[in-house]
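Working through the structure, step by step
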Amino acid sequence: VLFRSSILSRIFRKKFVFLTAHDWDCDGTYEKDKPKNAKFYVNGLKHADLVISQNEYQKKALLKNHGKESVIIKSMYPIPSLKEKKREFVLWVGRCIRWKRPEIFLDLARKNPDVRFRMLCAAAKGEDEYYKAFSEDAKKIKNLELIEYVPFSKVNDEFRKAIIFVNTSTVEGFPNTYIQAMKNKTPILALNFNPDDVITS
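Residues numbered from 1 in each chain as written. Predicted model: local features only at pLDDT ≥ 70, side-chain atom pairs only at ≥ 80, totals over all residues. Heavy atoms only, no water.

1. Some remarks on the overall build of the protein
Stated precisely, the cut-off is as follows: Helix and strand assignments follow DSSP, with helices taken as H or I runs no shorter than four residues and strands as E runs no shorter than two, numbered in order from the N terminus. Burial status follows relative accessibility: with a 1.4 Å probe on protein chains alone, a residue under 20% of its type maximum counts as buried, one over 50% as exposed, and anything between as partly exposed. Should any heavy atoms of two residues lie within 4.5 Å, those residues are considered in contact. In this tally, Lys and Arg are treated as positive and Asp and Glu as negative; His is ignored, and so are the chain termini. Think of each charge as sitting on NZ of Lys, CZ of Arg, CG of Asp or CD of Glu.
Counting its regular elements, the protein contains eight helices and nine strands. Along the first, second and third principal axes, the C-alpha set of the protein runs to 55 × 40 × 30 Å. Out of the 201 residues in the protein, the part that is buried amounts to 43%. Across the protein, every contact between residues at least 6 apart in sequence was considered, and the portion connecting residues at least 24 apart equals 65%. Looking at charge distribution, the protein has the averaged site of its 37 positive side-chain charges lying 5 Å from that of its 25 negative ones.

Structural data, given as C-alpha cells:
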C-alpha cells in the first residue's frame, strides 16, 4: 500500500510511505503471482521514501529481495478492562479466501463432534463460488455455527467467549485477529503462521 499526503506521510515527514500488508509483499511471491502488476508494485516500492513492515521476516525479506530498508511498526490495540465470560466454543475469524484455508476448520469440527465451533466468515471479493460451496459444507456440520457478518465492535465479545482461536492461513502480515485473541486472553492455535515467534516466545 502506497500512501501519499496521508497521516503516515505527515507523521514521518516523507512524501511517499509504503506499507506492507503480507509476507508475500516482501519475499518475491507477489511478483511471481501477479506479473502484470509487478512492475507497478516494484516501482512504487523503489520510489518510496519510507517503507513500513509488520515483522522481522518482512524486514529481512525486503532487504534481501528488494534491497530496501524498512521500519517495523507492529499492530496494536488498546487493552480494555475485561469482564470474564464463559468460554463456549472454538473460534475461527476471517474472510472466506483460499489462502486462509477455512475448510481445515470444518474438518476440525467434524472430527470433534462433542465440541462447539463458531466461524465468523465473510465472503471475499471474487470468491463467490468458493464461498457458496464452503457455506453449503459448513451448514451440514451440526456442531458448527457459521456467521457471515459480525460488526467489528462486537468481535471482541466473540474472542472473549472463545475457548481457543484457530488460524489456518498459509501466510499473513501480522493478523489483527492475533491481537484480538491476545488482548482477550484467548489462546491461539496456528497451523503455519507464527510472526516473529510471537506465539512460541
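2. As for the packing of aromatic side chains
We count it as follows: Here the aromatic set is Phe, Tyr and Trp, taking the six-membered ring for Trp, and pairing holds for ring centres within 6.5 Å; pairs whose planes are under 30 degrees apart are stacked, those over 60 apart are edge-to-face, and all others are tilted.
Tallying each qualifying case throughout the model produces seven aromatic pairs. Arranged with centres 5.6 Å apart and planes meeting at 65°, the rings of Phe-18 and Tyr-41 form a pair that is edge-to-face. Of the two residues, Phe-18 is situated in strand S2 (residues 16-19) and Tyr-41 in helix H3 (residues 35-47); the sequence distance between them amounts to 23 residues. Residue Phe-18 is classed as buried on the basis of its relative accessible area of 5%. For the ring pair Phe-174 and Tyr-178, a centre distance of 6.3 Å and an interplane angle of 75° mean the geometry is edge-to-face.

3. As for the packing of helix H7 (residues 152-160) against helix H8 (residues 176-183)
For clarity, the cut-off: The angle between two axes is taken between their N-to-C directions and runs from 0 to 180 degrees, where each axis is a line fitted to C-alpha atoms and a helix contributes only its stretch in contact. Any angle from 65 to 115 degrees is called roughly perpendicular, while one under 35 is roughly parallel, one over 145 is roughly antiparallel, and all others are oblique. Crossing handedness follows the turn of the near helix against the far one: under a right angle anticlockwise gives a left-handed crossing, and clockwise gives a right-handed one.
Here H7 crosses H8 at 55°, and the two axes come no closer than 9 Å. When the interaxial angle is binned, H7 and H8 end up oblique. In this structure, H7 crosses over H8, and the sense of that crossing is right-handed. Here Phe-152, Val-155, Asn-156 and Phe-159 of H7 come into contact with H8, specifically with Thr-177, Gln-180, Ala-181 and Lys-183.

4. Brief notes about the sheet that holds strand S7 (residues 144-147)
In a beta sheet, neighbouring strands pair by backbone hydrogen bonds and run either parallel or antiparallel. Note the cut-off: For two strands to pair, DSSP has to find at least two bridges joining them.
As summarised here, the arrangement of the five strands in space is S7-S6-S5-S8-S9, forming an open sheet in which the pairing is parallel. The open sheet has two edge strands, S7 and strand S9 (188-190), and neither has a second partner. Along the sheet, successive strands turn relative to each other by an average axial angle of 25°, direction set aside. Across three bridges, the pairing between strand S5 (residues 89-96) and strand S8 (residues 162-167) is parallel. If you follow Val-90 over to S8, its bridge partner there is Ile-164.

5. Section: the side chain of Asn-55
For the record, the criterion: In the analysis that follows, any N or O atom pair within 3.5 Å is treated as a polar contact, provided that within protein one partner can donate a hydrogen and the other can accept it, and provided that, for residues neighboring in sequence, both atoms belong to side chains.
Following the sequence through the fold, Asn-55 ends up in the loop between strand S3 (50-53) and helix H4 (56-66). Of note is the side chain of Asn-55, whose polar atom sits 3.1 Å from the backbone nitrogen of Tyr-57. At a separation of 2.8 Å, a polar atom in the side chain of Asn-55 contacts the main-chain amide nitrogen of Gln-58. With residues near it in sequence (within four places) discarded, Asn-55 still touches Asp-23, Ile-72, Gly-173, Pro-195 and Asp-196.

6. A word on the packing of helix H5 (residues 103-111) against helix H6 (residues 128-139)
Heads up, the condition is: Residues are sorted three ways: Asp, Glu, Lys and Arg are charged, Ala, Val, Leu, Ile, Met, Phe, Trp, Tyr, Cys and Pro are nonpolar, and all the rest, Gly among them, are polar.
Across the interface, H5 lies against H6 with an axial gap of 11 Å and an inter-helix angle of 5°. Of the possible angle classes, the one that applies to H5 and H6 is roughly parallel. Across the interface between the two elements, Glu-103, Leu-106 and Arg-110 of H5 pack against Tyr-130, Phe-134, Asp-137 and Ala-138 of H6. Broken down by class, the residue content of the contact of H5 with H6 amounts to four nonpolar, no polar and three charged.

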